[in-house]
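# Secondary and tertiary structure notes
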Amino acid sequence: NPAISITENVLHFKAQGHGAKGDNVYEFHLEFLDLVKPELVYKLTQRQVNITVQKKVSQWWERLTKQEKRPLFLAPDFDRWLDESDAEMELRAKEEERLNKLRMESQGSPETLASLKKGYLFMYNLVQFLGFSWIFVNMTSFYDTFHTVADMMYFCQMLAVVEAINAAIGVTKSSVIPSLFQLLGRNFILFIVFGTMEEMQNKAVVFFVFYIWSTAEILRYPFYMLSCIDMDWKVLTWLRYTMWIPLYPLGCLAEAVSVIQSIPIFNETGRFSFTLPYPVKIKIYLIILFLGLYINFRHLYKQRRRRFGQKKKKIH
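So, here is what we can say about the structure in this document. Here the structure is a predicted model, which is why all the values come from computation and not from measurement.

### A word on the sheet that holds strand β1 (residues 3-7)
- Read across the sheet, three strands follow the order β1-β2-β3 without closing on themselves; strand pairing throughout is antiparallel. In the strand order of this sheet, the two ends are held by β1 and β3 (22-31), each with one partner. Averaged over neighbouring strand pairs, the angle between their axes works out to 15 degrees when direction is ignored.
- Sheet analysis places β1 next to strand β2 (residues 10-19), joined by five bridges and oriented antiparallel. Pairing of Ala 3 across the sheet is with Lys 14, part of β2.

Dropping the structure here:
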């Protein structure tokens, strides 16, 4: 029968238990950093006592206790630990899940809608996987890539608009900003830099841009397909959360090279030079390109850390 209470923002604990040195009385006091609710909930098990204390005001604390130095007997439980960014993302995910649930309940049977959603996402990812696989297999020449696979690349990149829409309306939990940066960046390269200038279409850089794009996507879309049917293939999961590390910088470099190579051609032809000269627009685009690289890198790094982050061992 442990004696547990909160008085004047201090948690008091006293109980008798059997430890490594036999039966002993265990006692401690914790003064919290900020106000907490005086009511608490605790649960006894054969191995431990689980105590739940709620903050009086829901806000982020710099630390748990009022004293700056953590007590020697106190150690975080890293299995349940969240930093501030992770906590915000978890709350946002829970809120999105709650809103999606309410939306589905108002529109029809949750099970039926969930099945339709999974089927729709599975088919979308399957079509994109087949499209990019076809592109990857049919790129056989450094200098004739565009004329061989351009139509399929047009189709896949126009279809990728669906991903940004899905993220915006809550069909998927993807972030909208990274999806838009990737979509707009790729479509600028494909439709403007390559699509409007025949002089660019025979350059080797087209092969490298298409090769990097398709390599990334034939790893990403199968992962999403398996997620739709609640399957986890560890090799594919590792590849999806790891291969972006070399592929994204290489893709960004290849896109930048294609843009730089297009400057003399645009200067000579004068295309798209209204309002601002094309070189000025290109410099602005390059800044946005590397800004997008940073945003996507940060987003994917957080995803990878959540998936593969090592759990710290408890200190006893």
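We are not done yet, so read on.
### A few points about the nonpolar core
- Membership of the largest hydrophobic core comes to 34 residues, with the highest contact counts inside it found for Phe 194, Val 209 and Phe 210.
- When contributions to this core are tallied by element, the ones reaching two or more residues are α2 (110-138), α3 (145-159), α5 (176-194), α7 (205-228) and α9 (244-269).
- Of all the elements, α7 adds the most residues to this core, at 10 residues.
- Beyond its immediate chain neighbours, meaning those up to four positions away, Phe 210 contacts Met 139, Thr 145, Phe 146, Val 149, Met 153, Leu 190 and Phe 194.

### Overview of the packing of helix α4 (residues 161-169) against α5
- Where α4 meets α5, the closest approach of the two axes is 9 Å, and the angle between their N-to-C directions is 165 degrees. Between α4 and α5, the angle is such that the two are roughly antiparallel. For the element pair α4 and α5, the recorded crossing hand is left-handed. Counting all contacts with α4, which are made through Val 161, Ala 164, Ala 167 and Ala 168, the residues of α5 involved are Val 176, Ser 179, Leu 180 and Leu 183.

### Section: the packing of aromatic side chains
- Applying the stated criterion across every chain yields a total of 18 aromatic pairs.
- Where Phe 13 meets Phe 28, the ring centres are 5.1 Å apart and the plane angle is 20 degrees; that geometry is what we call stacked. Of the two residues, Phe 13 sits in strand β2 while Phe 28 sits in strand β3, which places them 15 residues apart along the sequence.
- The interplanar angle of 25 degrees and the centroid separation of 5.0 Å between the aromatic rings of Tyr 154 and Phe 191 together place this pair among those described as stacked. Placement of Tyr 154 in helix α3 and of Phe 191 in helix α5 is noted, with a sequence separation of 37 residues between them.
- A residue is classified by how much of its surface remains accessible, and Phe 191, at 27% relative accessible area, is partly exposed.
- Among the aromatic residues, those joined into a cluster by ring pairs are Phe 136, Phe 142, Tyr 143, Phe 207, Phe 208 and Tyr 211.
- Above the ring of Tyr 221, the side-chain terminus of Arg 220 is found at 4.6 Å from the ring centroid.
- The ring centre of Tyr 241 lies 4.9 Å from the NZ or CZ of Arg 240, which sits over that ring.

How each quantity is defined
Residues numbered from 1 in each chain as written. Predicted model: local features only at pLDDT ≥ 70, side-chain atom pairs only at ≥ 80, totals over all residues. Heavy atoms only, no water. Pairing = 2+ DSSP bridges. Helix = DSSP H or I, 4+ residues; strand = E, 2+ residues; numbered from the N terminus. Axes fitted to C-alpha atoms, helices over the stretch in contact; angles between N-to-C directions. Core = buried A, V, L, I, M, F, W, Y, C linked by side-chain atoms within 4.5 Å. Buried < 20%, exposed > 50% of the residue type's maximum accessible area, 1.4 Å probe, protein only. Contact = heavy atoms within 4.5 Å. Parallel < 35°, antiparallel > 145°, perpendicular 65-115°, else oblique. Left-handed = near helix turned anticlockwise from the far one by under 90°. Phe/Tyr/Trp six-rings, centres within 6.5 Å; stacked < 30°, edge-to-face > 60°. Lys NZ or Arg CZ within 6 Å of the ring centre and 35° of its normal.

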